[in-house]
Amino acid sequence: MTKTNLNAFLQTCDQPISRESTEGKKTLDSLTLAVKDNIMVKDLPVTAGSKILDGHIASYSATVIERLLDAGAQIIGKTNLDEFAMGSSTENSAFGPTLNPWDQTRVPGGSSGGSAAAVADRLAQASLGSDTGGSIRQPAAFCGVTGLKPTYGSVSRYGLIALASSLDVIGPLAPSAETVEEVFAIISGQDPLDQTTVDYTYKPLEQSIDGLKIGLPRELWELYIDPEIKRSVEQHVHFYLEHGAVISDVSLPYLPYALAAYYIILPAEASANLARYDGIRYPHSQPGQTIAEIYKKTRGQGFGAEVKRRILLGSYVLSVGHYDEYYQKAQEVRNLIKRDYDNVFKSVDVLISRTTPTLPFALGSRTQDPLKMYQADLLTVGVNLAGLPAISLPSGFSQSGLPIGSQLIGRPFCENVLLSLAKQYQGETDHHQQQPKGTDG
Ligand code: GLN
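For clarity, every value in this text was computed on a predicted model and none was experimentally measured.

S.K.: Any chance you could break down the packing of aromatic side chains for me, citing the residues and the numbers?
M.R.: Two descriptors summarise a pair of aromatic rings, namely the distance from one centre to the other and the angle between the planes of the rings. All told, the structure shown has 17 aromatic pairs when counted by the stated rule. Both rings, one in Phe239 and one in Tyr425, keep their centres 5.2 Å apart while their planes meet at 80 degrees; by these two values the pair is edge-to-face. Placement of Phe239 in helix α6 (residues 227-242) and of Tyr425 in helix α13 (residues 415-428) is noted, with a sequence separation of 186 residues between them. Among the residues examined, Phe239 registers a relative accessible area of 7% and is labelled buried. A residue is classified by how much of its surface remains accessible, and Tyr425, at 3% relative accessible area, is buried. The cationic tip of Arg366 hangs over the ring face of Phe361; the distance from NZ or CZ to the ring centre is 4.1 Å.

S.K.: A description of the layout of surface pockets should follow, citing residues and the corresponding values.
M.R.: The volume enclosed by the largest pocket comes to roughly 300 Å³. What lines the largest pocket is a set of 19 residues, and nearest its centre among them are Met40, Tyr60, Leu160, Ile161 and Arg276. Classifying every residue of the lining of the largest pocket gives eleven nonpolar, four polar and four charged. Of the voids in this model, the second largest pocket is the one considered here, and its volume is about 260 Å³. Forming the walls of the second largest pocket are 17 residues, and the residues nearest its centre are Asn92, Ala305, Glu306, Arg309 and Thr367. Here the lining of the second largest pocket is composed, by residue class, of six nonpolar, five polar and six charged.

S.K.: Pulling in residues and values, what's your account of the site of the ligand?
M.R.: Residues in contact with the ligand amount to 16 residues; listed here are only the nearest, Thr132, Gly133, Ser135, Tyr262 and Arg310. A distance of 2.9 Å separates an oxygen atom of the ligand from a polar backbone atom of Gly87. Against a free-state accessible area of 290 Å², the protein chains account for coverage of 100% of the ligand. Here the element with the most residues in the shell around the ligand is helix α7 (residues 258-273); it accounts for three residues. Here the shell around the ligand is composed, by residue class, of six nonpolar, seven polar and three charged.

Scoring rules and cut-offs
- Residues numbered from 1 in each chain as written.
- Predicted model: local features only at pLDDT ≥ 70, side-chain atom pairs only at ≥ 80, totals over all residues.
- Heavy atoms only, no water.
- Phe/Tyr/Trp six-rings, centres within 6.5 Å; stacked < 30°, edge-to-face > 60°.
- Helix = DSSP H or I, 4+ residues; strand = E, 2+ residues; numbered from the N terminus.
- Buried < 20%, exposed > 50% of the residue type's maximum accessible area, 1.4 Å probe, protein only.
- Lys NZ or Arg CZ within 6 Å of the ring centre and 35° of its normal.
- 1 Å grid on protein atoms, 1.4 Å probe; cavity = no way out; pocket = protein on both sides within 12 Å on 5 of 7 lines; lining within 4 Å.
- Points joined across faces, edges and corners; volume = space filled by probe spheres on them.
- Nonpolar A, V, L, I, M, F, W, Y, C, P; charged D, E, K, R; others polar.
- Near = heavy atom within 4 Å.
- Polar contact = N/O pair within 3.5 Å; in protein donor to acceptor, adjacent residues only side chain to side chain.
- Areas by Shrake-Rupley, 256 points an atom, 1.4 Å probe, with all protein chains shown as cover.

In short, the description is geometric, and any link to function would need to be established separately.
Here it is in structure tokens:
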């Protein structure tokens, strides 16, 4: 086990949770799995990183958990996250920040920071995260692991604590794309308990790189490019070039507006989803003389600053007089961004960019500056607005030894193309095999 204390887990199970074999050999063969603590596992506490859910025990398991247990996975614990998955550093957890295993003075990314750190430190073979604006890919990049954000509608959200329901998706993290694929094959597919899932069966693919058309979206390469990240992602592009891919520059003209649109749509949906935490339906409750006082005190005490900020923002952009000006406009921008992606995918098969604008930043360096924190999502949110699949994979290290991630983005339901390209890259490189010092594997 690890020699470090990263605060990656909010709780570890005394005995791993697993299921007796029902039929034949299980595909996942006792894979150890860590689960982000906004995904329900029956009879285990679930907090979403918030005091307001302290004491709440899940009364059912998420569909993804049912499927993974049936396939032979063993759940070893629940991992830390930014409160209700709002954040890019895991510092918004009510239970303290997770540390980056590569440098414990730095953040692991977020909001699935605990899931990424647990896998990077080899405490679990794989983990589950959720990605609403980058929360699987950004921590995967910061912790030097592989993380898949599936197409919206390919994985059931039943049993995921909702943040923004039109953007949320559950996905796997693991050191290698091979393990990510094994988990994705199990969790994906239609679920009658989530009406937004589609009839879809994952089929692995051997994607030939020779002749494959890869686009470099100008907008994702030009803004605030860090020279070390640029070099590393360029080497990744070079790998495909050497194997016969045709590389071209492409443009997604509306992408620069993605972050602004996201930070209107997300708070709007979150403010509605979080209305249920009222001091009546969940254990955490503050006494009051009137129902309004119970709500006010419970929510005032139970939610952290970032959650309150987004509830206020969301209520504002949905209110009469502001709805057209903000929410409606953001939805129009979302459509334009979706159209931009549809257009580029007429001429290229896959897009490549870096996953993050910067290297993992220092703990505490952005907590007082929400806009700076939001900028960490600059390169990931467009994919969520358009509902596309994307994978972040380790593509190198900075001179200071910090991991760098690159991002492959594909057409809807083309996870198999992304995973095949990632596996071929990982077959000839070893960035994903590197482990932080202080671990013994
Ligand atoms: N960092 C983004 C945010 O704070 C993404 C969150 C997510 O994907 N859950 O909203």
